[in-house]
Amino acid sequence: MQGNDEYFLETVANLVKTVRSETMDQSELGLRVGVSRSTISAIEKGNGVNSKSLAKVLDQLGLLEDIQLAIDAQLDLIGEVRNRKTRKVREELSSDF
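Per-chain numbering applies: the sequence of each chain, read as written, is numbered from 1 onward. It should be noted that, the model being predicted, local features are given only for residues of pLDDT at least 70 and side-chain atom pairs only at 80 or more, the latter also being counted only at that level, while totals for whole chains, interfaces and linings use all residues. The side-chain numbers reported here are obtained from all heavy atoms of the structure, hydrogens and water having been left aside.

Participant: Requested: an account of the nonpolar core, with residues and values cited.
Facilitator: If you look at the biggest cluster of nonpolar residues, it comprises 13 residues, and the most contacted ones within it are V16, L29, V57 and L61. In this description a helix means any DSSP run of H or I spanning at least four residues, a strand means any run of E spanning at least two, and both kinds are numbered starting from the N terminus. Listed by contribution, the elements that provide at least two residues to this core are α1 (4-21), α2 (26-33), α3 (37-44) and α4 (51-60). The contact criterion used is simple: two residues touch if any of their non-hydrogen atoms lie within 4.5 Å. If near-sequence neighbours (up to four positions away) are discounted, L61 is found in contact with V16, V19, R20, M24 and L29. Working definition of a nonpolar core: buried Ala, Val, Leu, Ile, Met, Phe, Trp, Tyr and Cys residues. They are joined through side-chain atoms within 4.5 Å. Only protein chains enter the accessibility calculation, which uses a 1.4 Å probe; a residue whose area is less than 20% of its type maximum is buried, one above 50% is exposed, and one in between is partly exposed.

Dropping the structure here:
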């Protein structure tokens, strides 16, 4: 059974390979982002790579912005849930001691 992490890497690999292959080869993409061709190959095979390298590749291919928007939306949702949990109205204590 494939885990979520494996599925994520596989889908990112397919996306990178599809978009990259429309305009350049692996070596050219590697040169543009400052990583080796073997790093590009690893990404396209769904192998783990340095997150900074992956971000550079996604940015170069014009894919990072949409991913960032999804992350930002998720963070906003988490923030809203946390704010709702902490917004309990405090009751004023009477001073009738």
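Participant: Got a sec to walk through α3? Specific residues and values, please.
Facilitator: Across the 8 residues that make up α3, a large majority, 6, are buried. Along α3, the positions that sit buried rather than exposed are T39, I40, S41, A42, I43 and E44. Close packing links the buried residues of α3 with α1, α2 and α4.

Participant: Just give me the short version of the side chain of S53, but keep the residues and values in it.
Facilitator: The topology assignment puts S53 in helix α4. Excluding residues that lie within four positions of it along the chain, S53 makes contacts with V35 and T39.

Participant: Which residues make up α1, and what are the values?
Facilitator: Any helix carries an expected span of 1.5 Å times its number of residues minus one. Taking 1.5 Å of rise per residue, 18 residues should cover 26 Å, and α1 covers 26 Å from first to last C-alpha, within 8% of that figure. Along α1, the residues classified as buried are V12, A13, V16 and R20. Down the axis of α1, the buried side of the element spans an arc of 105 degrees, and every buried residue falls inside it. The directions from the helix axis to the C-beta atoms form the arc being described.

Participant: Requested: an account of the environment of D5, with residues and values cited.
Facilitator: Residue placement: D5 occurs in helix α1. Here the alpha-carbon distance between D5 and G46, two residues 41 residues apart in the chain, equals 10.0 Å.

Participant: Which residues make up the packing of α2 against α4, and what values do they have?
Facilitator: Two elements in contact, α2 and α4, have axes separated by 10 Å at closest approach and are oriented at 105 degrees. By the angle between their axes, α2 is roughly perpendicular relative to α4. Along the contact surface, α2 presents L29, R32 and V33, while α4 presents K56, V57 and Q60. Put simply, Ala, Val, Leu, Ile, Met, Phe, Trp, Tyr, Cys and Pro go in the nonpolar bin, Asp, Glu, Lys and Arg in the charged bin, and everything else, Gly too, in the polar bin. Residues belonging to the contact of α2 with α4 are distributed by class as follows: 3 nonpolar, 1 polar and 2 charged. Simply put, an axis is a line fit to the C-alpha atoms, just over the touching stretch for a helix, and the angle between two N-to-C directions goes from 0 to 180 degrees. Each angle is binned into one of four classes, with values under 35 degrees roughly parallel, values over 145 roughly antiparallel, values of 65 to 115 roughly perpendicular, and all other values oblique.

Participant: Describe the side chain of T39, and please don't skip the residues or the numbers.
Facilitator: Turning to its location among the elements, T39 is positioned in helix α3. Look at T39 and you get buried, because its relative accessible area is 19%. When residues no more than four places from it in sequence are discounted, the contact partners of T39 are V49 and S53.

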